[in-house]
Amino acid sequence: MTIDLHCFGESGNAYKAALALELSGLDWRPVFVDFFGGETRSAAWRAAVNPMGEVPVMVDGDLRLTQSGVIQDYAVEKSGRLGGADPAERREIWRWVLWDNHKLSSQAGMTRFLMNFLPEDKRPQPVIDFAQARLRAAYAVLNAHLQGRDWLVGRSVTVADLSCCGYLYYPEPFGFDRAEWPEIDRWLTTLQSLDGWKHPYDLMPRSAA
Ligand SMILES: N[C@@H](CCC(=O)N[C@@H](CS)C(=O)NCC(=O)O)C(=O)O
């Protein structure tokens, strides 16, 4: 049975789940969510798809999962790929996935939204400055960890990598410049060279301008 992933191209959180499904070789398809048209805020969508009002949402037969990290974990369990081989590695993967959700992707997603998708006269500069400072601290942690490593955990790609890269390929500005962070840049290039890797805008349908 084909797995449905409710998503939209601009969502880095959905990208993490979509990339995990794609690289694990599972049969899946995107189901477009009109986030910018307000679909995730409607009572009908929340009742039918996700009461938390967020994408991504994965549906595999009777199973419905939300939260990109949980969907990634399911892709690992179902495919036997992209995961840690032993319990210590698995814990280390979760450590990076949780760190990413809290310190990197949540800040990057919000900052990119404020800087690009809000009307210009509604963009709150002090909030953007604050978030960008927190983001720089997160880039520094990631860059330092990647020194001397190809992957965040262990010796091959895992969902820890697919979580942390969630927002880092998007072209819209949010205060991330690959050239400033050489280890992150090298790691992103390695990820991009994996068989089956796709840019978020090639993996999921985009919203109308
Ligand atoms: N921790 C969640 C974050 C999901 C999330 O924030 N998704 C955004 C789109 S990128 C969303 O649907 N936001 C709706 C809202 O905040 O109203 C995950 O990793 O799945």
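Above this text is the structure in question.
Everything quoted here is computed from the prediction, not taken from an experiment.

Colleague: How do you make sense of the sheet that holds strand E3 (residues 57-60) when you look at a structure like this?
Modeller: Paired through their backbone hydrogen bonds, the strands of a sheet run either parallel or antiparallel. Reading across the sheet, the four strands line up as E2-E1-E3-E4 and stay open at both edges, with mixed pairing between neighbours. Each edge of the open sheet is held by one strand with a lone partner, namely strand E2 (28-32) and strand E4 (63-66). Shown here is a sheet whose adjacent strand axes are inclined to one another by a mean of 20°, direction ignored. Where strand E1 (residues 3-7) lies against E3, three bridges are found, and the strand directions are antiparallel. Within E3, the residue paired with Leu5 across the bridge is Met58.

Colleague: In this structure, what is going on with helix H1 (residues 12-23)? I would like to understand it.
Modeller: Each α-helix turn comprises 3.6 residues. Residues three or four places apart therefore point the same way. Here H1 spans 16 Å end to end across twelve residues, near enough to the 16 Å set by a 1.5 Å rise per residue. Taken across its twelve residues, H1 has ten buried, putting it largely inside the fold. Looking at H1, one finds that the buried residues are Gly12, Ala14, Tyr15, Lys16, Ala17, Ala18, Leu19, Ala20, Leu21 and Leu23. Looking at the buried residues of H1, the elements they touch are E1, E2, helix H3 (68-79), helix H4 (87-117), helix H6 (159-164) and helix H8 (200-203). Phi turns positive, to about 80°, at Gly25, one or two residues after H1.

Colleague: I keep staring at the site of the ligand and nothing clicks. Help me out?
Modeller: Near the ligand you find Ser11, Asn13, Phe35, Gly53, Glu54, Val55, Pro56, Gln67, Ser68, Asn101 and Tyr167, and these make up its full shell. Ser68 places a polar side-chain atom, nitrogen or oxygen, 2.6 Å from an oxygen atom of the ligand. Here a nitrogen atom of the ligand sits 3.2 Å away from a polar atom, N or O, in the side chain of Asn101. In isolation the ligand exposes 510 Å². Once the protein is present, 74% of that is buried. Class assignment of the residues belonging to the shell around the ligand gives a composition of four nonpolar, six polar and one charged.

Definitions and cut-offs
- Residues numbered from 1 in each chain as written.
- Predicted model: local features only at pLDDT ≥ 70, side-chain atom pairs only at ≥ 80, totals over all residues.
- Heavy atoms only, no water.
- Pairing = 2+ DSSP bridges.
- Helix = DSSP H or I, 4+ residues; strand = E, 2+ residues; numbered from the N terminus.
- Axes fitted to C-alpha atoms, helices over the stretch in contact; angles between N-to-C directions.
- Expected span 1.5 Å × (residues − 1).
- Buried < 20%, exposed > 50% of the residue type's maximum accessible area, 1.4 Å probe, protein only.
- Contact = heavy atoms within 4.5 Å.
- Near = heavy atom within 4 Å.
- Polar contact = N/O pair within 3.5 Å; in protein donor to acceptor, adjacent residues only side chain to side chain.
- Areas by Shrake-Rupley, 256 points an atom, 1.4 Å probe, with all protein chains shown as cover.
- Nonpolar A, V, L, I, M, F, W, Y, C, P; charged D, E, K, R; others polar.

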